[in-house]
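Report on the structure
Here's the letter readout for the chains.
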Amino acid sequence: MSVWVQRLENPLSARLRDPAATGYTGILLGALAAFLCIPPVQARTVTWPIVVGVIAAVFGIWTVTRGRARLGWGAVAAGVIGIGLGILATRSSVGNLNAVFDAALIEQMFAFTTPLVFAAIGGLFSERSGVVNIGLEGMMLMGAFWGVYGADKGGSWVVGLLVGGGVGALLALVYGYFAIHLRADQIVGGTAVNFLALGITGYFFFQFYNGNYIPSGVSTIPNVTIPGLRHSHFFGPAIGNLNIMIWASFVLVIVSYIVVFKTPIGLRIRACGEHPRAADTVGINVYAVRYSCVVVSGILAALGGVYLSDGFTSGGATFGDNMTDGRGFIALAALIFGNWRPAGAFGAALLFGFSSAVALRLQVYSASAATLFNVLPYVLTLIAVAGVIGRTVPPAADGKPYQKQ
Amino acid sequence: MSQAENFPPESPEEAALSGTLAASLSLRQRAGGFIVPLITVVIAFLMSGFVVLATGHNPLLAYRDIFDGAGLNWIFHPTTNLASTAAYNLTQTLLQTTTLILTGLAVAFAFRCGMFNIGGQGQYFIGLIVANWLGYDFAHMSPFPHILICIVAATLAGAAYAGIAGFLKATVGAHEVITTIMLNWVAIWVGSWLFGDGGPLQNASDKTVPISNDVADSAKLPVFWGQQLLQGLDIGIFIAIAALVVFWALLNRTTTGYEVRAVGFNPESAAYGGINVKKNLIRAMAISGAFAGLAGALDMLGYLYHYGQNDIPLSSVGFLGIAVALLGRNTAVGVGLGALLFGALLFGTTHGLTSTVIKPELAGNLTYIIQGLVVLFIGADVLILYIWNSRRKLRRPRGAKAAEAATA
């Protein structure tokens, strides 16, 4: 706390000399170096990315000399990568660049980000209360299938959300019983949840739909059209017609931040995740808190899944075996990358969603490069947990079963 | 729970409940012998049977058909003639068993060192990729050295790949579950890239098909039951069985194994006893990965010969290895039996299944459900303790019980 108080009391000039500030500025400049070369700015000379990238590197080196070595080298790396990407962009044709980077990329980025945000925030609740949730993938997959089933049989996407969320809660409850009451190893339990979800969804997908496709005309989660923006040249395709769930994911991030960090409930959750015995001593029911959090994580992950099957594709509701395809694990990665904080997880999810959206569009250059681009979130997470740029710190009691005395 | 709270030392049952992986593991190994895994499997089959029943199929007939589909009915009419469907199905089940023995060992070895190697799938892919690359590129070699080079290189590659997770755990304390999950996905996408359109390992003849080259004939493992063209049973199964023996001997008869188990049981006391914990974490992870890499090599050289981009998401042998290891209590014999069970399920519910009761598409998913239930139940210490204790009570002579009641 005191660091923040100090920073607030410092005059602006002192805060500008803060090595942290210069470090982050350097990283931003590195990103800017690459950004200058793509639409809408689209500089066609290599001068601009090199100039900006070098400035980023200088900021980085200055930060290193002021004692924040990791952050500084991060900024230097950002500058170098920015120059590299900028040069690559100026080398490629304007037509290709426009095909990859248009306003619809923003919409697509949010579409890819949303399921990740729901699952990551779900994981945040669970892990903040001390229960590791490797089963996010499975809970998401269950939501995806049963959500679309509910929307089909119930005749409305609202029913789909309710059924999907309900099944997610049910699966989470089973997991919670094993993880909390039976004190099963949480990694093993989460792995089991993933297998179960894979089997159950595949089984009933074949039983109900013959394993082929979801019939057309199933009610899908609608988009929100913003009248003023719809016909704007840039904002129209970018955010003029986003799905309700995308807007809901933005709200979810803010609400979860407030709940976890600004309310007594959040304090209890975090107490159970950091030191359950202390929480128990002051009268918090650790089991109840953990159960609620695991169920919330199941519901949220499942809602992300419902969006994936019943709102993600504009053509109508879809489902396929193992539809989530590792998104639950990317969400887990986003949670870790974002250091178990809502804003951090959201930022990481945006980064991963952006890389997925770009990967899809890189097909215009080379199909094989586009495929390889998909490793980015996983490599970044590996780098993050390796502690190259700052350390990620999980809640102290994350993954440890608690036994009442 | 801190160390101080653990003093004086608890009974193993209490230690298991305190939540350290190794402690609960030792309990699992001692509690109930064969009984608990057996009960777990029975419960899993029963519960899956209810799913089958609820969706309008006869579970008993379905299980009988799966049994036949796996070729296990061969024991009633043993023959080496592959015109018999049972014999053919059995060879295919044994091919799956070969893979699962090794992916199971990959999980089991790390477990014995107190780590959860969830990355068997990725290490398996790395082995597969390396074996395919060397198997195709080093053509015109004589068979024995070619096979040897492919297998050794793939095994080492798997070891190195898993070693990354071990290294990160030992140096910066990154949790091996997180790193191996990420490494899995890196391997999956790198594999998709290598075998996919325009990828470096895509086949040379038809660039529209995202499939790798076939390995050269000199790299193919000899087939001893059936024909090479018809996916006969290769000698890989003997290598896998040898790996079981190596696993047992390595753990129980060498200094390495002693150190690995000591670290797995309690890293602090192992360090106090002069064992280099970090070195052992890396080493155990690398040996784990070696088993999985070997699995990939044996599959590639034994019967697959090539691999498609679209095969990658369908493969789950690395994850099945988790169920195999847990069910087999991380022991050599247990892993062998677990691998046979899941190998039979894997083939018997899909390609081998000819049934009027249940379609392969449904039955194939039953395998995942059974797998999930097995892993769920076997991971619950309290459940195991309960079963174990009730069994002990049954065994205890009546006099002891009466005496206990009198003192209470």
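Every residue gets a number counted from 1 within its own chain, in the order that chain's sequence is written. Whichever chain is written first becomes A and whichever ligand is written first becomes 1, with later ones labelled in order. Only residues with pLDDT of at least 70 are given local features in this predicted model, and only at 80 or more are side-chain atom pairs given and counted; all residues enter the totals for whole chains, interfaces and linings.

**Points about the overall build of chain B**
Quick note on the threshold: Under the DSSP-based scheme used, a helix requires at least four consecutive residues in state H or I and a strand at least two consecutive residues in state E, with every element numbered from the N terminus. Here, residue contact means that the backbone-derived C-beta atoms of the two residues sit within 7 Å.
Helices and strands together make up the secondary structure of chain B, namely 17 helices and 2 strands. Within chain B, residue pairs in contact and separated by at least 24 positions form 74% of the contacts whose partners lie at least 6 positions apart.

**Some words on the overall build of chain A**
Put simply, the rule reads: We compute the radius of gyration from the C-alpha atoms alone; for a globule the expected value is 2.2 Å times N to the 0.38, where N is the number of residues.
In terms of regular secondary structure, chain A is built from 19 helices and 2 strands. Against the 2.2 N^0.38 benchmark of 22 Å for 405 residues, chain A shows a C-alpha radius of gyration of 23 Å, consistent with a compact globule. Considered along the principal axes of its C-alpha atoms, chain A spans approximately 60 × 55 × 40 Å. Sequence-distant contacts, at least 24 apart, represent 74% of the contacts inside chain A between residues at least 6 apart.

**Some details on helix α7 (residues 104-128) of chain A**
All names here are of chain A. Defined as follows: Helix span, expected: 1.5 Å multiplied by one less than the number of residues in the helix. The angle between axes fitted to the seven residues ending at a residue and the seven residues starting there is what we call the bend at that residue. The exposure label follows from counting other C-beta atoms within 10 Å of a residue's C-beta, where the C-beta atoms are placed from the backbone and the thresholds are 20 or more for buried and 12 or fewer for exposed, leaving partly exposed in between.
For α7, with 25 residues, the first-to-last C-alpha span of 35 Å sits near the 36 Å given by 1.5 Å per residue. Along its length, α7 shows its largest kink, about 30°, at Thr113, and proline Pro115 lies within four residues downstream of that point. Most of α7 is tucked away: 22 of the 25 residues are buried. The positive-phi residue at the C-terminal boundary of α7 is Gly130, with phi of around 100°.

**Considering unusual backbone geometry**
In this model, A:Asn322 sits at a positive phi of 50°, which is unusual for a non-glycine residue. Within the fold, A:Asn322 resides in the loop between α15 (286-310) and α16 (327-337).

**Description of the packing of α7(A) against helix α17 (residues 342-361) of chain A**
All names here are of chain A. In plain terms, the rule: As a rule, the C-alpha atoms of each element are fitted with a line to give its axis, helices using only the stretch in contact, and angles between N-to-C directions run from 0 to 180 degrees. Here is the rule for angles: anything less than 35 degrees is roughly parallel, anything more than 145 is roughly antiparallel, 65 through 115 is roughly perpendicular, and the remaining ranges are oblique. We call a crossing left-handed when the near helix sits turned anticlockwise from the far one by less than a right angle, and right-handed when that turn is clockwise. Throughout this entry, Asp, Glu, Lys and Arg are counted as charged residues, while Ala, Val, Leu, Ile, Met, Phe, Trp, Tyr, Cys and Pro are counted as nonpolar. The remaining residues, Gly among them, count as polar.
Two elements in contact, α7 and α17, have axes separated by 7 Å at closest approach and are oriented at 140°. With respect to α17, the element α7 is oriented oblique. α17 is crossed by α7, and the crossing has right-handed handedness. Of the residues in α17, those in contact with Leu105, Gln108, Met109, Phe110, Phe112, Thr113, Leu116, Val117, Ala120, Ile121 and Leu124 of α7 are Pro342, Ala345, Phe346, Ala349, Leu350, Phe352, Gly353, Phe354, Ser356, Ala357 and Arg361. Its residues assigned to classes, the contact of α7 with α17 shows 17 nonpolar, 4 polar and 1 charged.

**Remarks on the domain arrangement of chain A**
This is how the line gets drawn: These domain limits were set by an automatic method or by a database of domain assignments.
Examined at the domain level, chain A breaks down into domain 1 (2-100) and domain 2 (104-385). For domain 1 of chain A versus domain 2 of chain A, the distance between C-alpha centres works out to 31 Å.

**Thoughts on the interface of chain B and chain A**
If you look at the interface, chain B gives 45 residues, while chain A gives 42 residues. Of all the secondary structure elements, the ones that give two or more residues to the side of chain B that touches chain A are α2 (21-30), α7 (143-172), α8 (176-195), α13 (317-327), α15 (360-378) and α16 (381-395) of chain B. In terms of residue class, the side of chain B that touches chain A is built from 30 nonpolar, 12 polar and 3 charged.

**A closer look at the packing of helix α19 (residues 376-385) of chain A against α8(B)**
Running from amino to carboxyl end, α19(A) crosses α8(B) at an angle of 155°, the nearest separation of the two axes being 9 Å. Taken together, the axes of α19(A) and α8(B) are roughly antiparallel relative to one another. The handedness of the crossing between α19(A) and α8(B) comes out as left-handed. In contact with A:Tyr378, A:Val379, A:Thr381, A:Leu382 and A:Val385 of α19(A), α8(B) contributes B:Ile178, B:Thr179, B:Met182, B:Trp185 and B:Val186. Looking at the contact of α19(A) with α8(B) residue by residue, the classes come out as 8 nonpolar, 2 polar and no charged.

**Brief notes about the environment of A:Leu196**
Position of A:Leu196 relative to the elements: it lies in helix α10 (residues 186-209). Looking at A:Leu196, the number of C-beta atoms within 10 Å reads 25, which means it is buried. With residues near it in sequence (within four places) discarded, A:Leu196 still touches A:Gly138, B:Ile369, B:Gly372, B:Leu373 and B:Leu376.

**What to know about the nonpolar core**
Just so we agree on the cut-off: Throughout this description, the term nonpolar core refers to a group of buried Ala, Val, Leu, Ile, Met, Phe, Trp, Tyr and Cys residues whose C-beta atoms join them within 7 Å.
Of all hydrophobic cores here, the largest spans 234 residues; its most connected members are A:Ala120 and A:Ala334. Residue contributions to this core peak at 17 residues, all from helix α12 (residues 277-304) of chain B. Apart from the residues lying within four places of it in its own chain, the contact partners of A:Ala334 are A:Leu116, A:Ala120, A:Ala345, A:Ala348, A:Ala349 and A:Phe352. Core analysis: the next-biggest nonpolar cluster, separate from the first, contains 18 residues, A:Ala34, A:Cys37, A:Val52 and A:Phe59 among them.

**Here's the deal with helix α3 (residues 19-35) of chain A**
Residue and element names in this part refer to chain A. For α3, which comprises 17 residues, the first-to-last C-alpha distance of 24 Å matches the rise-based estimate of 24 Å (1.5 Å per residue) to within 8%. For α3, every residue scored as buried is listed here: Thr22, Gly23, Gly26, Ile27, Leu29, Gly30, Leu32, Ala33, Ala34 and Phe35. Looking at the packing, one finds that the buried side of α3 touches α4 (47-65) and α5 (69-91).

**A look at the confidence of the model for chain B**
All names here are of chain B. Note the following rule: Think of pLDDT as the predictor's per-residue confidence, scored from 0 to 100.
With 85% of its residues at a pLDDT of 70 or more, chain B shows a mean pLDDT of 85. In the model, residues 1-12 has pLDDT below 50 throughout and makes 6 contacts with residues more than four positions away in sequence or in other chains. Prediction confidence for the complex, expressed as pTM and ipTM, is 0.86 and 0.84 respectively.

**Describing the environment of B:Val172**
Structurally, B:Val172 can be placed in helix α7. For the pair B:Val172 and B:Val260, spaced 88 residues apart in sequence, the C-alpha to C-alpha distance is 20 Å. Apart from the residues lying within four places of it in its own chain, the contact partners of B:Val172 are A:Ala386 and A:Gly387.

**Description of the environment of B:Val186**
Its location among the elements puts B:Val186 in helix α8. Discounting residues that sit within four places of it in the chain, B:Val186 has contacts with A:Val375, A:Tyr378, A:Val379 and B:Gly122.

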